[in-house]
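# A closer look at the structure
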Amino acid sequence: MFIGQDITRVDALDKVLGKAAFAHDLTKNNMLFACVVRSSRPHAVLKRIDVSAARALEGVVKIISHEDIPGENLFGAIKKDQPFLAAGRVRYKGEAILIVVAATEETARRASELVRIEYEDLENISDPFLSIQSPVLIHDGGNLLSHRKVIKGDAAKAFESSDVIVENTYSTTWIDHAYMETEAGLGYLDDRGRMVVASSTQNIHYKMKEISRLLAIPPEEVRVIQATTGGGFGGKLDVTVEGYLALAVWHTKRPVFMRYTREESLLAQTKRHPLYIVYKTGARKDGSLTAVEVNIVGDTGPYNSYGETVCLRAAVHATGPYEVPNVLVNSRMFYTNNPVAGAMRGFGVPQLALAHESQLDEIAGLIGMDPLDIRMKNALKRGSLTATSQVLNHSAGLLETLKAIEPAWRERRKERPGSGFGLGCMYYGIGNTGISNPSSCYLTLTPEGRVEMHSGVCDIGQGSDTVLLQILCDALGMEEMGIDLVRGDTDTSYDAGSTSASRQTYISGMAVCDAAQKLKKYLKEQGYYDGKPLKDICRDAADKGVPIFEGYFDPPTTAPDPETSQGAPYATYAFATHMTEVDVDEVTGVCKAVKVHAAHDVGRAINVSNVKGQIYGGVAMGIGLALMEEFIPGKSESFDNYYLPTSMDMPEVEAMIVEDREPTGPFGAKGVGEPALIPQAAAVVNAIYDATGIRMRQLPCDIERLKLALEKDKENKR
Amino acid sequence: MKTIRFLLNGKEASIEVEDNETLLCALRERLGITSVKEGCGIGECGTCTVLVDDEPHYSCLTLASKANGRDIKTVEYLSSSGVLHPLQEAFIRSGAVQCGYCTPAMLLSAYSLLLRNANPDAHDIKEAISGNLCRCTGYIQIEEAIKNAAEICKCNGQD
Ligand code: FES
Ligand code: FES
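All figures in this text were calculated on a predicted structure; none of them were measured in a lab. (Residues numbered from 1 in each chain as written. Chains lettered and ligands numbered in written order. Predicted model: local features only at pLDDT ≥ 70, side-chain atom pairs only at ≥ 80, totals over all residues. Heavy atoms only, no water.)

### Regarding the overall build of chain B
Along the backbone of chain B there are five helices and five strands. Reading chain B from its N terminus to its C terminus gives the helix and strand order β-β-α-β-β-β-α-α-α-α. Expected size for 159 residues packed as a compact globule is a radius of gyration near 15 Å; at 15 Å, chain B falls within 12% of this value. Its C-alpha atoms put chain B at 45 × 30 × 25 Å along the principal axes. Here chain B, with 159 residues, has 57% of them falling under the buried criterion. Taking all contacts inside chain B whose residues are at least 6 apart in sequence as the whole, residues at least 24 apart take part in 57%. With an accessible surface of roughly 6,200 Å², chain B has 46% of that area assigned to carbon and sulfur atoms. (Helix = DSSP H or I, 4+ residues; strand = E, 2+ residues; numbered from the N terminus. Rg over C-alpha atoms; globule rule 2.2 N^0.38 Å. Buried < 20%, exposed > 50% of the residue type's maximum accessible area, 1.4 Å probe, protein only. Contact = heavy atoms within 4.5 Å. Areas by Shrake-Rupley, 256 points an atom, 1.4 Å probe, with all protein chains shown as cover.)

### Quick word on the interface of chain A and chain B
Across the boundary between the two partners, chain A contributes 53 residues, which contact 45 residues of chain B. It is Val16(A), Met180(A) and Ser647(A) that lose the most area in chain A upon contact with chain B, and together they represent 20% of the buried surface on that side. Applying the counting criterion to the chain A and chain B interface returns four salt bridges. Residues Arg259(A) and Glu38(B) are paired through a salt bridge, measuring 3.2 Å at the closest nitrogen-oxygen approach. (Buried area = accessible area lost by both parts, 1.4 Å probe. Salt bridge = Lys/Arg side-chain N within 4 Å of Asp/Glu carboxyl O.)

### What about the domain arrangement of chain A?
All names here are of chain A. You can read the domains of chain A as domain 1 (23-122 + 183-259), domain 2 (275-433 + 563-717) and domain 3 (438-553). Placing the centre of domain 1 and that of domain 3 at their C-alpha centroids yields a distance of 35 Å. Contact with domain 1, which involves 18 residues of that partner, is made by 18 residues of domain 3. For the pair domain 1 and domain 3, the summed buried area comes to about 1,300 Å², and 47% of that belongs to carbon and sulfur atoms. Its largest share of buried area at the contact with domain 3, domain 1 owes to Gln202, His205 and Gln226, together 43% of the area lost on that side. Where domain 1 touches domain 3, the interface holds four salt bridges. Along the contact surface separating domain 1 from domain 3 lie ten residue pairs in polar contact (both at pLDDT 80 or more). Looking at the side of domain 1 that touches domain 3, the elements that each hand over two or more residues are helix 6 (204-215) and strand 11 (222-226). A per-element tally of the side of domain 1 that touches domain 3 places strand 11 first, with five residues. In the side of domain 1 that touches domain 3, the residues fall into seven nonpolar, eight polar and three charged. (Domains from an automatic or database assignment. Polar contact = N/O pair within 3.5 Å; in protein donor to acceptor, adjacent residues only side chain to side chain. Nonpolar A, V, L, I, M, F, W, Y, C, P; charged D, E, K, R; others polar.)

### As for unusual backbone geometry
Residue Pro700(A) follows Leu699(A) across a cis peptide bond; omega there is -5°. When you line up the elements, Pro700(A) lands in the loop between helix 17 (680-692) and helix 18 (703-717). Residues other than glycine seldom take positive phi values, yet Ala178(A) does so here, at roughly 50°. You can see Ala178(A) is positioned in the loop between strand 8 (164-171) and strand 9 (184-189). Residue Ala178(A) is classed as buried on the basis of its relative accessible area, which comes to 0%. Look at Asp53(B): it is not a glycine, yet its phi comes out positive at around 50°.

### Section: the nonpolar core
Ile688(A), Phe91(B) and Ile146(B) are the most contacted members of the largest nonpolar core, which has 199 residues in total. Per element, the largest residue contribution to this core is eleven residues, and it comes from helix 14 (residues 504-525) of chain A. In terms of nonpolar packing, the next biggest core, distinct from the first, is built from 35 residues, Val36(A), Ile64(A), Val101(A) and Leu247(A) among them. (Core = buried A, V, L, I, M, F, W, Y, C linked by side-chain atoms within 4.5 Å.)

### Thoughts on the packing of helix 11 (residues 371-378) of chain A against helix 12 (residues 398-410) of chain A
All names here are of chain A. Look at helix 11 against helix 12: their axes get within 11 Å of each other, and the N-to-C directions meet at 165°. The pairing of helix 11 with helix 12 is recorded here as roughly antiparallel in orientation. Relative to helix 12, helix 11 is oriented so that their crossing is left-handed. Contacts from Pro371, Leu372, Asp373, Arg375 and Met376 of helix 11 reach helix 12 at Leu399, Leu402, Lys403, Glu406, Trp409 and Arg410. Split into classes, the residues belonging to the contact of helix 11 with helix 12 amount to six nonpolar, no polar and five charged. (Axes fitted to C-alpha atoms, helices over the stretch in contact; angles between N-to-C directions. Parallel < 35°, antiparallel > 145°, perpendicular 65-115°, else oblique. Left-handed = near helix turned anticlockwise from the far one by under 90°.)

### Here we look at the sheet that holds strand 1 (residues 32-38) of chain A
All names here are of chain A. Strand order in the open sheet formed by seven strands is 3-5-1-12-9-10-11, and the pairing between neighbours is mixed. Edge positions in the sheet fall to strand 3 (60-64) and strand 11, since each has one partner strand and no second. Averaged over all neighbouring strand pairs, the angle between strand axes comes to 20°, with direction disregarded. Those strands touched by helix 3 (residues 105-114) are strand 1, strand 3, strand 5 (96-102) and strand 12 (256-259), and its axis lies near 25° from that of strand 1. (Pairing = 2+ DSSP bridges.)

### Observations regarding the pairing of strand 2 (residues 44-50) of chain A
Where strand 2 of chain A meets strand 4 (residues 89-90) of chain A, two bridges bridge the pair, whose relative direction is antiparallel. When the bridges of strand 4 of chain A are listed, Ala44(A) appears paired with Val90(A).

### Brief notes about the packing of aromatic side chains
All names here are of chain A. Taken as a whole, this structure holds 14 aromatic pairs over all chains when the rule is applied. Between Tyr528 and Tyr529 the ring centres are 4.9 Å apart and the planes differ by 80°, which places this aromatic pair in the edge-to-face class. Given a relative accessible area of 34%, Tyr529 falls into the partly exposed group. An aromatic cluster is present here, built from Tyr427, Tyr570, Tyr573 and Phe575 joined pairwise through their rings. Of note, Arg38 hangs over the ring of Tyr260, and the distance from its end group to the ring centre comes to 5.0 Å. Taking NZ or CZ as reference, Lys280 lies 4.3 Å from the ring centre of Phe159, over its face. (Phe/Tyr/Trp six-rings, centres within 6.5 Å; stacked < 30°, edge-to-face > 60°. Lys NZ or Arg CZ within 6 Å of the ring centre and 35° of its normal.)

### A few points about the environment of Trp409(A)
Residues and elements named next belong to chain A. Within the secondary structure, Trp409 is located in helix 12. Assessed through its relative accessible area of 2%, Trp409 is described here as buried. Between the C-alpha atoms of Trp409 and Ala291, which are 118 residues apart in sequence, the distance is 27 Å. With sequence-adjacent residues up to four places away left out, Trp409 is seen in contact with Asp370, Pro371, Leu372, Phe421, Gly422, Leu423 and Met579. There is a polar contact of 2.9 Å between the side chain of Trp409 and the side chain of Asp370.

### Structural notes on the sheet that holds strand 2 (residues 11-17) of chain B
Residues and elements named next belong to chain B. A sheet is described by the order of its strands in space; here five strands give the open sequence 2-1-5-3-4, paired in mixed fashion. Because the sheet does not close on itself, it has two edges, and the strands there are strand 2 and strand 4 (55-58). Within the sheet, the average angular offset between the axes of one strand and its neighbour, ignoring direction, is 40°. Contacting strand 1 (2-8), strand 2, strand 3 (49-52) and strand 5 (71-73), helix 1 (residues 23-30) crosses the sheet at an angle of about 105° to strand 2. Lying over the sheet, helix 3 (residues 103-116) contacts strand 3, strand 4 and strand 5, oriented at roughly 35° with respect to strand 3.

### Some remarks on the side chain of Thr401(A)
Residue and element names in this part refer to chain A. Its location among the elements puts Thr401 in helix 12. Accessibility expressed as a relative area gives 0% for Thr401, which makes it buried. Apart from the residues lying within four places of it in its own chain, the contact partners of Thr401 are Phe575, Ala576, Thr577, Ala599, His600, Asp601 and Val658.

### Thoughts on helix 1 of chain B
Note on helix geometry: an α-helix contains 3.6 residues per turn, so any two residues three or four positions apart are oriented the same way. Residues and elements named next belong to chain B. Buried residues of helix 1: Leu23, Leu24, Ala26, Leu27 and Arg28, and no others. Residues of helix 1 that are buried in the fold lie against strand 1, strand 2, strand 3 and strand 5. Within two residues after helix 1, Gly32 carries a phi angle of roughly 70°, on the positive side.

### So, the confidence of the model for chain B
On average, residues of chain B score 96 in pLDDT, and 99% of them reach the 70 mark or higher. The ipTM for the predicted assembly is 0.98, set against a pTM of 0.98. (pLDDT = per-residue confidence, 0-100.)

### Thoughts on the domain arrangement of chain B
Residues and elements named next belong to chain B. According to the domain assignment, chain B consists of domain 1 (2-75) and domain 2 (84-156). Relative to domain 2, the C-alpha centre of domain 1 lies at a distance of 21 Å. Between domain 1 and domain 2 the total buried area reaches about 1,200 Å² when both faces are included, carbon and sulfur atoms providing 63% of it. Across the domain 1-domain 2 interface, the total number found is one salt bridge. Residue Glu55 pairs with Arg116 through a salt bridge whose shortest N-O separation is 4.0 Å. Summed over the shared surface of domain 1 and domain 2, the result is six residue pairs in polar contact (both at pLDDT 80 or more).

Here's what the structure looks like:
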């Protein structure tokens, strides 16, 4: 048995030895260096670009503009609306305009500073509410990217008959992924003249297709390899360095390396979407929820990236993990000239969790009910209808997570003034929302008598390589890990889809199970389970041509109704409850998270240590989101003024694993990557209220904001 | 350019460096020691940590010329005897490694702590790695690993 065991990660040894080759470490003989010239204006027409001084610098090999693009100058995971290199107009500060290729990195950067650009400024649409009214269009189709609704029952009527109603506005800001490894990669032509790009990425097959369109060559002529990747969290889903590298190699025919500086990564890469949320909740005196009405306005910056995805996912998760009979959600995403917001761990759901969890506590306060009890009363469970009227037929362990927390909650005691306790719950649909998002893989046998797993899944540190191997071993009934992993290379794997939406354990895990069934049948026929050594089977097979065993899984979902979003957008959901204890210093405004209990229904923990690692990491990111992280365009330029949680900021965390097995998942597993983060900020905010009586409705609750709120509160009380 | 000589992971090394060159750059570019990472280049993340005379330093802020005559250690030192150091073992076993980008630096900060303090408590451990950012792990399994390794080192009488 490998499932449920703490199998050590297959990548850990190389990493502790310092041998793992990250994208930053890639190198090749004769390689050149590229860097990008970026816009210093948020919205402008490019009047004139003078590269003469840059070109004259010794060591500069090539300067590439949009005119040098052989194929299509547009990319985007959802919609192709973002140019690789600006063509006549820039729409955000940091947008790529030119690529400079030079003999050294220093020369490339020096040359990029010598480029003179004349801009003619256009109106800077700096927030979504301006975007709504502005006659200036960021794209021809208008400034509204997406509008999604969730309509269930009759919310307006239900409010009329509700005993209590609470209505508030919440807002969140840009968050940077801040993976420790910035975007980087190496491009080159192989012996046959094919384009190869190795990079720090979350999705190799998608990037292969984008490069093929950019260069107007068939996808088979492109090979993308995932280098060891120093974190992703959604930020390496979009094309980053890959397109620039491909262009630079295309024009110079030499290997080219590039990496973003930290400042560049902060300036130019995608961020978490800031959302403005107006939230109205109705309930009866007994605590049962009657209706929820939510208006969400989001800022996606000038390009889609994952804006549509966030718009829809935020909408369908807006009620939180509760039974709400009447729901009306309007979720709208606008283009602006702010940083491009894209995918980040949770796709809008952590922002909504702040709102629904705060609301629930306010309702509980009004009717004099305990926060845990009101959650238990309304919790989604097996047989419940979600906000999209999906019946939860299988795994739905929210109540079990609440029960896991219950003893700690009931026994909580404020040790000192300023201490407080808060709860946060969440549910999260595993995989993409209401669209096909399959994973495929294949297995084969080697002459040495080993099984070879060919996987296109990008392990970005979460441990999917190890988890998939564990699944395969158990699916084959193998006693030891007699499996070779061939991974992260479009030449040797099938498309497994992106490492996002907490989908790889569930979806790619099922694809592996599918392939394993076929291999198992074959091994049975060949006598493996009767004792014939794998080596002999492989030798026999080699004479006839080694067979390939393909695996495939696409989670069963239905497309959301275009008007009401009703339907079954996900095949399964993860559930969680976090309880957080904070200490607030009422004089300085410093809030310290002291202790977190985090209970997660993961279906089945394939690797307990990995699951806990995700929970701890998610808590850390949630602490950052709640208390310190705030990307301010034009101001947040480095970690000097974009604060990340250190070891000193971390609370003690008790991770509790609940296993309500998911029958459609691999050995019952679902996912945990994003769920680990989602309820954390909400739990902190509720704890701050418990400690101080102050409702923080804007994130982050950093020292200044909290201090201001405490001072205001004191004045009001006076 | 000037020539500097120093101990690198216990062996004599000698290289030519520019006056304004950082130790990070010299180690990565001239000596090919890519276990030393650059996460920010300005002393904010700690992924470039190396030991100078057994004390952790950000190599992105240290001039290469300052290494002259000093004892420089990178993560390679920990397994230079051919076996994993208890810290490395513990990092693997405790799940302290996710993406691994911060790992070599974390190991060095931890190693330096154990040299100074064979019995670190939870706070000592937190403090010792507080200059090393990790975006993946939430630090908890790293702290567990350091604690476990400290126990083992004590039993082995190892540094
Ligand atoms: S590279 Fe970040 S501190 Fe040196
Ligand atoms: S393991 Fe990824 S930054 Fe620490």
